[in-house]
Amino acid sequence: MTDMTRLIDRYLDNDLGDDEVAVLFEWVAADAANADLFARQTLLDQHTRELLEDDLIRPRLDDNSDRVRPRRISWRALTVLALIVVVGKLVVSSLFDSDRQAPAIIAQSVGAYGGDGEAFRLGEELEQGSFEVSRGLVRVDFSSGAQVAVEGPASLEIRDDMHIVVKRGVVTAVIPEPAIGFVIETSAARVVDLGTAFGVSVDATGQTDVCVFDGEVEVNHQEMKLADSSPRRVTQGQAVRATLASSKIDAVAFETARFENTWPINSGVLQATGLMKFVAPGPEFVPGRYEDSERILVFLERSGVVPTADFAVDLVDPGQYQRIHRSKQHPVHAGGRIRSYLLQLDPVGQLERGATDKPRVISQVTFDRTIIGLIASSKNLDATDELLGHPHGDYVKTRRGIEPPRPSDPPDSGRDVVVLSADRRTLSLDLSAGSAVDQIRVVVDELN
Amino acid sequence: MSNSDPVQRMTIEWTRAQPSVARFVCSFLRDRGEADDALQEVALVIVERFEDWDPERPFVAWALGIARRVVLTHLRTKYRDRQIQFSEAVDQVAESFERLEPQTELMKDSLADCLGQVRGRSRQILSLRYTEDLELKQIAEHLAMTASNVGVLLHRVRATLRKCVDGRLKAEGLS
């Protein structure tokens, strides 16, 4: 079925042919609800115009870097100015130098060193130009809001806060709404983000693989000029490859393994021990499908969630826990802005109840935000799947929480232990999976 | 001059109703010059026929009824060679505007807050589309993107704004 909200938006942008206009008005005439939707969208369009034309937008309280040019200095006026003045570009750019800021900063570094052999410093400003990572992992936050994690060795060029070139290396990017349109170029491809999370890897031959975890991107081969190119839309769960040997963009298998080092950096995980494996999202995101007897898997489920109602979690206070008291419910209140992760130990194959050789995994993970709740009971996991679970996750309703010890268990039987650190950012787990899957949902405060 | 003075009454009523009528006209007549002409035609009819208005009936509904006929005339002229049936759609949308009229200003007020949160490339595109009044193709040239991409981005920004405004209206008990 045609997406009518999209059709209306295209109508508002004068992008419909007569046949499509006829379809639209037939649909509007068919039902009062359709007409209401049309009226609401056109009203929003006109309100937007009125507010922007009259400069009536209310800035955010923390908004001190509004990057939109003032209305009275239009880009057309600047273009004219640039044509009149021979050194126009220099003059125009100097007009804005007073509030110029570095396009990007180092937001996180895990053993990362630059091309000069110096370790990166947190908060270090990155100017336009060459950017080398000799080893380690680094997260670069752009002033546009884009976050790009880079795994060394990598060679990049920062053009501006909406445009980078990856000459070699592996990067993953999370592009929030304000940075939609962020461009990653390589020698073989030009990737334009359309609101998404994706990975790009470029090898020494320029071969470029693009893997879309969430949302969609548009990929052009560099050999095709913009005007006559037919860009390829790549959506969640798809991957494509561009090489210098061909001007085609080929579909390849969706394989996220090469991004497993950079993706945690994008996802707010500061550090995890080797026994924890971070899984990049994709359409096949089915927690129960990932069986691993040696490692605890970490899935980023959702970010930017603003709960509209209180919900219950099992643990909130720092300390060591071996027993989840189902009767003790702690509320996380509505409002705020939260992110959720799912940690899982699901051993390969089925284990007999009472088996003595259950896989046991001890691991630790540190987040870049404060943990405000742990959900470890099957009941609360089930209850929060809709709000906090990955939109494409298939959460099997079975026993899945941390198992409480039974009276018959010996004291050192290796029952699941959870330790939440005093600063509530680090979680230590000692899990031994039995017949059920062990899952813990971690809820962090995105603003703190 | 008292409130019973027909001219004063008409001025007050038209001043109140004019924004809604203008937005209704603009919903169908996308060319701003044509929309302005149509709005003037509506105003002229209102002046000529103000005595026909039944004060028991909301003025905005009466004015929208006039605007509906003016809009239809313009659309039939514009698409005279095409087989497009506008009449029922225009009627339905006029009724929608009448229904939405009480919450229109709250919608706009909420949108002002929501727009304040849009930054970066999204804000730039909104600015080029609305403040500079550029078409998709012109924006695409300016940003070195395809027009289709610009359309998708605008659609996404608007979807976010709609969601934001709806959330605020819901919190106010409207939706």
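An account of the accompanying structure is given in this report. (Residues numbered from 1 in each chain as written. Chains lettered and ligands numbered in written order. Predicted model: local features only at pLDDT ≥ 70, side-chain atom pairs only at ≥ 80, totals over all residues. Heavy atoms only, no water.)

Here we take up the pairing of strand E1 (residues 104-114) of chain A. Residues and elements named next belong to chain A. Judged from the eight bridges that link them, E1 and strand E3 (residues 129-142) form a sheet pairing that is antiparallel. Bridge assignment links Val110 to a residue of E3, and that residue is Leu137. Sheet analysis places E1 next to strand E2 (residues 125-126), joined by two bridges and oriented antiparallel. Considered in E2, the bridge of Ala104 is made with Leu126. (Pairing = 2+ DSSP bridges. Helix = DSSP H or I, 4+ residues; strand = E, 2+ residues; numbered from the N terminus.)

Residues and elements named next belong to chain B. Viewed as axis vectors pointing N to C, helix H3 (residues 59-78) and helix H4 (residues 87-100) meet at an angle of 150°, and their least axial separation amounts to 10 Å. Put simply, H3 runs roughly antiparallel to H4. Helix-helix and strand crossings are classified by hand; for H3 and H4 the assignment is right-handed. Contacts from Ala61, Leu64, Arg68, Val71, Leu72, Leu75 and Arg76 of H3 reach H4 at Ser87, Val90, Asp91, Ala94, Phe97 and Glu98. Its residues assigned to classes, the contact of H3 with H4 shows eight nonpolar, one polar and four charged. (Axes fitted to C-alpha atoms, helices over the stretch in contact; angles between N-to-C directions. Parallel < 35°, antiparallel > 145°, perpendicular 65-115°, else oblique. Left-handed = near helix turned anticlockwise from the far one by under 90°. Contact = heavy atoms within 4.5 Å. Nonpolar A, V, L, I, M, F, W, Y, C, P; charged D, E, K, R; others polar.)

Taken residue by residue, the interface counts 64 residues in chain A and 69 residues in chain B. At the boundary of chain A with chain B, total buried surface from both sides reaches about 6500 Å², with 54% on carbon and sulfur atoms. The interface formed by chain A and chain B holds twelve salt bridges in total. We note a salt bridge from A:Asp9 to B:Arg162, for which the minimum N-O separation is 3.5 Å. At the junction of chain A with chain B, the criterion picks out 25 residue pairs in polar contact (both at pLDDT 80 or more). Where the side of chain A that touches chain B is concerned, the elements lending two or more residues are helix H1 (4-12), helix H2 (18-30), helix H3 (32-53), helix H4 (75-84), strand E7 (189-202) and strand E8 (208-221) of chain A. In terms of residue count, H3(A) provides more of the side of chain A that touches chain B than any other element does, 19 residues in total. The residue makeup of the side of chain A that touches chain B, split by class, is 26 nonpolar, eleven polar and 27 charged. (Buried area = accessible area lost by both parts, 1.4 Å probe. Salt bridge = Lys/Arg side-chain N within 4 Å of Asp/Glu carboxyl O. Polar contact = N/O pair within 3.5 Å; in protein donor to acceptor, adjacent residues only side chain to side chain.)

On to the side chain of A:His163, then. Residues and elements named next belong to chain A. Mapped onto the fold, His163 is located in strand E5 (residues 163-174). Polar side-chain contacts of His163 include one of 2.7 Å to the side chain of Glu185. Not counting chain neighbours up to four residues away, the residues in contact with His163 comprise Ile158, Phe182, Val183, Glu185 and Arg190.

Another aspect to go through is the packing of H2(A) against H4(B). Between H2(A) and H4(B), the least distance of the axes is 8 Å, while the angle of their chain directions is 50°. Classified by the angle between their axes, H2(A) and H4(B) sit oblique to one another. Relative to H4(B), H2(A) is oriented so that their crossing is left-handed. Listed contacts from H4(B) to A:Phe25, A:Val28 and A:Ala29 of H2(A) are B:Glu88, B:Ala89, B:Gln92 and B:Val93. Within the contact of H2(A) with H4(B), the residues separate by chemical class into five nonpolar, one polar and one charged.

Within the secondary structure layout, B:Arg30 lies in the loop between helix H1 (6-28) and helix H2 (32-49). Residue B:Arg30 is classed as buried on the basis of its relative accessible area of 18%. At 3.1 Å, the side chain of B:Arg30 and the backbone oxygen of A:Leu12 are in polar contact. A distance of 3.0 Å separates the side chain of B:Arg30 from the backbone oxygen of B:Cys26, its partner in a polar contact. Ignoring any residue separated from it by four or fewer positions in sequence, one finds B:Arg30 in contact with A:Tyr11, A:Leu12, A:Asn14 and A:Asp45. (Buried < 20%, exposed > 50% of the residue type's maximum accessible area, 1.4 Å probe, protein only.)

Attention now moves to unusual backbone geometry. Residue A:Pro153 follows A:Gly152 across a cis peptide bond; omega there is 0°. By the element assignment, A:Pro153 lies in strand E4 (residues 147-160). Even without being a glycine, A:Arg424 presents a positive backbone phi close to 55°. The residue A:Arg424 is located in the loop between strand E21 (417-420) and strand E22 (426-432) in this model. For B:Asp133, which is not glycine, the phi torsion reads 60° and is therefore positive. Position of B:Asp133 relative to the elements: it lies in the loop between helix H6 (120-131) and helix H7 (136-143). Under the relative-accessibility criterion, B:Asp133 is labelled partly exposed at 36%.

Don't take any of this as a statement about function, it's just geometry.
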